[in-house]
Amino acid sequence: MKLNIRTKSENYVVYIKRDLLNDLSNYIKEYKKEKILIITDENVANIYINEIKKTLKDFKIDFHIISPGEKSKSLNTSKDIYDKLLYGKYNRRSLIISLGGGVIGDLAGFVASTYMRGIDFIQIPTTLLSQVDSSVGGKVGINYNNIKNIIGSFYQPKKVLIDPETLKTLDLKNLKSGLSEVIKYGIIRDYDFFKMLKMEIDIIKSLNIDKMENIIKKSLEIKEEIVYLDTYENDIRKILNFGHTIGHGIESLNDFQRFTHGEAIALGMISEAYISRELGYISSDYYCEIKYLLNKIISDVKFTREEKQEIIKNLENDKKNTNKDIVFILPINRGEVRIFYKGIDRSLIIKSLGADR
Ligand SMILES: NC(=O)c1ccc[n+]([C@@H]2O[C@H](COP(=O)([O-])OP(=O)(O)OC[C@H]3O[C@@H](n4cnc5c(N)ncnc54)[C@H](O)[C@@H]3O)[C@@H](O)[C@H]2O)c1
Ligand SMILES: [Zn+2]
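Report follows, based on the coordinates. (Residues numbered from 1 in each chain as written. Chains lettered and ligands numbered in written order. Predicted model: local features only at pLDDT ≥ 70, side-chain atom pairs only at ≥ 80, totals over all residues. Heavy atoms only, no water.)

The next subject is the site of ligand 1. Taken together, 25 residues are adjacent to ligand 1, and Asp41, Glu70, Thr126, Thr127 and Thr169 come closest. Within the backbone of Lys139, an N or O atom sits 2.8 Å from a nitrogen atom of ligand 1. Here ligand 1, which alone exposes 870 Å², has 89% of that area covered by the protein. Counting only elements with at least two residues in the shell around ligand 1, the list comes to α2 (42-55), α4 (102-114), α5 (128-134) and β8 (147-154). The element best represented in the shell around ligand 1 is α2, accounting for four residues. Classifying every residue of the shell around ligand 1 gives seven nonpolar, 10 polar and eight charged. (Near = heavy atom within 4 Å. Polar contact = N/O pair within 3.5 Å; in protein donor to acceptor, adjacent residues only side chain to side chain. Areas by Shrake-Rupley, 256 points an atom, 1.4 Å probe, with all protein chains shown as cover. Helix = DSSP H or I, 4+ residues; strand = E, 2+ residues; numbered from the N terminus. Nonpolar A, V, L, I, M, F, W, Y, C, P; charged D, E, K, R; others polar.)

So, about helix α10 (residues 261-278). In an α-helix, one turn spans 3.6 residues, which is why side chains three or four residues apart end up on the same side. Taking 1.5 Å per residue, 18 residues should reach 26 Å; α10 reaches 26 Å between its end C-alpha atoms and fits that length. α10 sits mainly inside the fold: 15 of its 18 residues count as buried. (Expected span 1.5 Å × (residues − 1). Buried < 20%, exposed > 50% of the residue type's maximum accessible area, 1.4 Å probe, protein only.)

Looking now at the nonpolar core. The nonpolar side chains of a soluble globular protein tend to be buried, and buried together. Residues Val14, Ile250, Phe259 and Phe303 are the most contacted members of the largest nonpolar core, which totals 73 residues. With nine residues, the top contributor of residues to this core is α10. Two domains each put at least three residues into this core: domain 1 (2-169) and domain 2 (172-352). Residues Ile49, Phe59, Leu95 and Ile124 belong to the second largest nonpolar core, which totals 22 residues. (Core = buried A, V, L, I, M, F, W, Y, C linked by side-chain atoms within 4.5 Å. Domains from an automatic or database assignment.)

Right under this line is the structure:
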């Protein structure tokens, strides 16, 4: 299936198709004469590189393979890629392909957006998180000084190629991480979608690829609608950050090693829904519904007093570093959230991290 993505700068197509990777040459044939650099990580390369080499045997491809993990989304890794592009005589007509999860997509997109003021870039996301979220919408970037995504740009890919079969090699932890963003879409925009997820979460977790295809499409439709309205995140695009305010504070615990992005966001969504209930914006029933579904992908975590303090410190650092107020996105109704620019009491945030929430 095909999905048209409209943004304020350009439009492109997402193709979602089983076994797309075996047929990759057809999706990029306009680059047959050009140099192509495929950026990927060791895990993904181990599984898919031979297949890709075979299907692209008539193309001028080279690979840049980096270590897996968030630490690779760095200036150092970018520099290695710039060197490869420069010494390999890649030019304005060349193509960069990202083959991997959100780390690879964000990094490769960032390099593509800056090398020679921008060269063509195609995303081939291979984790659920990158298929339903990070590969679409044009946010690319790297971490610096331990601050996530602090250097980056808005740079849209020329296309996004999704092969849901790649999810078969993904571990459960990363599958759940992606499901967290999927559930987020239901909460922020579409209660029917949320209800469907609630009913079918066990089948979904068992990786039914037909179901997955539909879930990816629905998620991207919601993201597209929002990105089209507000590509540069001046207002409504902020709602995609539901769960991320507290989630980022949780994600930075233990130097980003303890939780995946999606796990931290799931915990953040529980806390933020709790805050919303405490402030009287949503009912206890709806709060329990949200918590029930999120607990299907992450069991409750008991944070120690020190950890709670650290999460708050991370939130406040976030604010200091970016010189912006802490914005909260809170559910106010089934399938609806609102942006709150005025801060939330520290004591309520601490309470929302408690085990009895
Ligand atoms: N740009 C955006 O809009 C946006 C949105 C959300 C998240 N992000 C970013 O995305 C990143 C997280 O992405 P992620 O969760 O995909 O992490 P990731 O890229 O680190 O991938 C997770 C793990 O899965 C492995 N992997 C990838 N595909 C695989 C496959 N098919 N089979 C087996 N293993 C596979 C990777 O090697 C890695 O170890 C974070 O840096 C986050 O900031 C960006
Ligand atoms: Zn996210």
